[in-house]
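Topology and contacts: notes
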Amino acid sequence: MSSNSVQVIAITSGKGGVGKTNTSINIAASLAKQGRKVMLMDADLGLANIDVNLGIQCPFNMAHVMSGEKTLSEIVQNGPFGIQVVPAASGIYEMASLQNEQLQHLIQAFSEYNGELDYLIVDTAAGISDNVLAFLNAAHQVVVIACDEPSSITDAYALIKVMNQRYGATRFHFIASMVKNEKEGRALYAKIERVVDHYLGAHMLYLGTSPRDEQLRLANKQQKAVVEIAPMANSSRAYARMAAVVERWQPPTGLSGQVEFFVERLLQHKA
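Residues numbered from 1 in each chain as written. Predicted model: local features only at pLDDT ≥ 70, side-chain atom pairs only at ≥ 80, totals over all residues. Heavy atoms only, no water.

Some points on empty space enclosed by the protein
How we decide: For each structure, a 1 Å grid was placed over the protein atoms alone; sets of points admitting a 1.4 Å probe that cannot get out are labelled cavities, open sets with protein on both sides within 12 Å along at least five of seven lines are labelled pockets, and lining residues have an atom within 4 Å of a point. Grid points are joined across faces, edges and corners, and a volume is the space filled by probe spheres set on the points. Helix and strand definitions here come from DSSP, where helices need a minimum of 4 consecutive H or I residues and strands a minimum of 2 consecutive E residues; each element is numbered from the N-terminal end. In this count, Pro and Cys sit with the nonpolar residues alongside Ala, Val, Leu, Ile, Met, Phe, Trp and Tyr, while Asp, Glu, Lys and Arg are called charged and the others, Gly among them, polar.
This model, assessed by the stated rule, comprises one cavity of 30 Å³ or more. Its volume calculated, the largest cavity comes out at about 40 Å³. What lines the largest cavity is simply Asn22, Ile25, Asn26, Asn53, Leu54, Leu216, Ala219, Asn220, Lys224, Ala225 and Val226. Those elements that provide at least two residues to the lining of the largest cavity are helix 1 (20-33) and helix 9 (214-221). Residue classes in the lining of the largest cavity are distributed as six nonpolar, four polar and one charged.

Right, here's the structure in full:
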């Protein structure tokens, strides 16, 4: 693994169906388009979807790494603009609840990976399962996505509350998804931010708005990243703006800047 600091960013949501995987893919692709070295990890370990969204054929996946059959380099696939995609398994129930032995294999795999990285984007499953919380707790930055629906807002707040009360997390980033425009996105952010600040004393920072966009829907049908096939689309411009904000975040320092540290934190969570 490169000795440079790697920023580990977990992208999550309380409720499914809010565009979390689209966001993970397109922010990763936008960073890579600017010359950053990016790995995108599908952390919905039992219900893989990044490979499907990108139309990538993956003969091997994280299940093979965690069993010790394959190295990380042997399962990584190339995505848009050269992002390194780490595919998850699909339909393997055991992957939904990791055991320590599996995580030890994961640590070993990341330790042996010799590619250089600037960012590791972790696309988690939705909800507050132990696996999801483990990935969030191990990341340097947590990005929460919600749309302007009562169930999405309630579940996003519940996720933040669990992270705050169980792990003392006090800093989150927020993306408003599937709204009409930036004004609606900022209004949604302000609504959730007030509650998070008042009841939890936590800070939620606005990262951006992902607007409803026909070009994004068409890109999904073609199994492509919208920033790749329609770079001037409203959604593509929004993802590019979010990536520009991410690039301004302070990189981690010392041991906490290594990806091995990230997976070791995962193991500590499960111990």
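And the narrative resumes.
Structural notes on the layout of surface pockets
Its volume calculated, the largest pocket comes out at about 190 Å³. Leu136, Asn137, Ala139, His140, Gln141, Val142, Met163, Ala169, Arg171, Phe172, His173 and Arg265 are the residues that line the largest pocket. For the lining of the largest pocket, the elements supplying multiple residues, two or more each, are helix 6 (130-138), strand 6 (141-146) and strand 7 (171-179). Broken down by element, the lining of the largest pocket gets its largest block of residues, three residues, from strand 7. Grouping the amino acids of the lining of the largest pocket by side-chain chemistry returns six nonpolar, four polar and two charged.

A word on the packing of aromatic side chains
Short version of the rule: Stacked, tilted and edge-to-face are the three classes applied to pairs of Phe, Tyr and Trp rings, where Trp contributes its six-membered ring and a pair requires centres within 6.5 Å; stacked means planes under 30 degrees apart, edge-to-face means over 60, and tilted covers the rest. The buried label applies to any residue whose accessible area, calculated with a 1.4 Å probe on protein chains only, is under 20% of its type's maximum; exposed applies above 50%, and partly exposed to all values in between. For a ring to carry a charge above it, either NZ of a lysine or CZ of an arginine must fall within 6 Å of the ring centroid while also lying within 35 degrees of the normal to the ring plane.
Tallied over the full model, the rule gives two aromatic pairs. Judged by centre distance (6.2 Å) and plane angle (35°), the rings of Phe174 and Tyr189 are tilted. You can see Phe174 sitting in strand 7 and its partner Tyr189 sitting in helix 8 (residues 182-200), a full 15 residues away along the chain. Classification of Phe174 as buried rests on a relative accessible area of 1%. It is Lys70 that lies over the ring of Phe60; its NZ or CZ is 4.2 Å from the centre.

Focus on helix 8
Worth spelling out the cut-off: Helix span, expected: 1.5 Å multiplied by one less than the number of residues in the helix. Within this analysis, the arc is defined by the directions that extend from the helix axis to the C-beta atoms. Contacts described as polar in this section are N or O atom pairs within 3.5 Å, which, within protein, must combine one atom able to donate a hydrogen with one able to accept it, while residues neighboring in sequence count only if both atoms come from side chains.
Over its 19 residues, helix 8 extends 26 Å from the first C-alpha to the last, a length consistent with the 27 Å expected when each residue adds 1.5 Å. Residues Gly185, Leu188, Tyr189, Ile192, Val196 and Leu200 constitute the buried set of helix 8. One side of helix 8 carries all its buried residues, which in axial view fall inside an arc of 100°. In helix 8, the exposed positions that point more than 90 degrees away from the buried face belong to Lys183, Arg194 and His198. Put simply, Asn181 is the residue that caps the front of helix 8, since its side-chain oxygen is 3.2 Å from the backbone nitrogen of Lys183. Of the residues trailing helix 8, Gly201 is marked for its positive phi of about 65°.

Regarding unusual backbone geometry
Positive phi, normally seen in glycine, also occurs at Met178, with a value near 60°. Its place among the elements puts Met178 in strand 7.

A closer look at the side chain of Thr21
Mapping Thr21 onto the fold places it in helix 1. Thr21 gets classed as buried once you look at its relative accessible area, which sits at 7%.

As for the pairing of strand 8 (residues 203-211)
Heads up, the condition is: In short, DSSP must find at least two bridges between two strands for them to pair. The definition of a right-handed crossover adopted here requires that, viewed with the strands pointing away, the path from the first strand over the helix to the second runs clockwise.
Taking burial as the measure, the nine residues of strand 8 include seven buried ones, the bulk of the element. Where strand 7 lies against strand 8, eight bridges are found, and the strand directions are parallel. Directly across from Phe172, in strand 8, lies its bridge partner Met204. A crossover connection joins strand 7 to the parallel strand 8 through helix 8; in handedness this β-α-β unit is right-handed.

Concerning the pairing of strand 1 (residues 7-12)
By the criterion of burial, strand 1 is predominantly enclosed, with six of the six residues buried. Residues Gln7, Ile9 and Ile11 of strand 1 are buried on one face, and the alternating residues Val8, Ala10 and Thr12, pointing to the opposite face, are buried as well. Summarising the sheet, strand 1 and strand 6 pair through four bridges and their orientation is parallel. If you follow Ile11 over to strand 6, its bridge partner there is Val143.

Side note on the packing of helix 6 against helix 7 (residues 150-167)
Selection rule: Lines fitted to C-alpha atoms define the axes, with helix axes restricted to the stretch in contact, and inter-axis angles between N-to-C directions lie between 0 and 180 degrees. When describing relative orientation, an angle under 35 degrees is termed roughly parallel and one over 145 degrees roughly antiparallel, while 65 to 115 degrees is termed roughly perpendicular and anything else oblique. Left-handed describes a crossing whose near helix is turned anticlockwise from the far helix by less than a right angle; the clockwise case is right-handed. By the convention used here, residues are in contact when the closest approach between their heavy atoms is within 4.5 Å.
Two elements in contact, helix 6 and helix 7, have axes whose closest approach is 11 Å; the angle formed by their N-to-C orientations is 65°. On the basis of their axis angle, the class for helix 6 and helix 7 is roughly perpendicular. Crossing handedness for the pair helix 6 and helix 7: right-handed. Side by side, helix 6 and helix 7 meet where Asp130, Leu133, Leu136 and Asn137 of the first sit next to Leu159, Val162, Met163, Arg166 and Tyr167 of the second. Its residues assigned to classes, the contact of helix 6 with helix 7 comprises six nonpolar, one polar and two charged.

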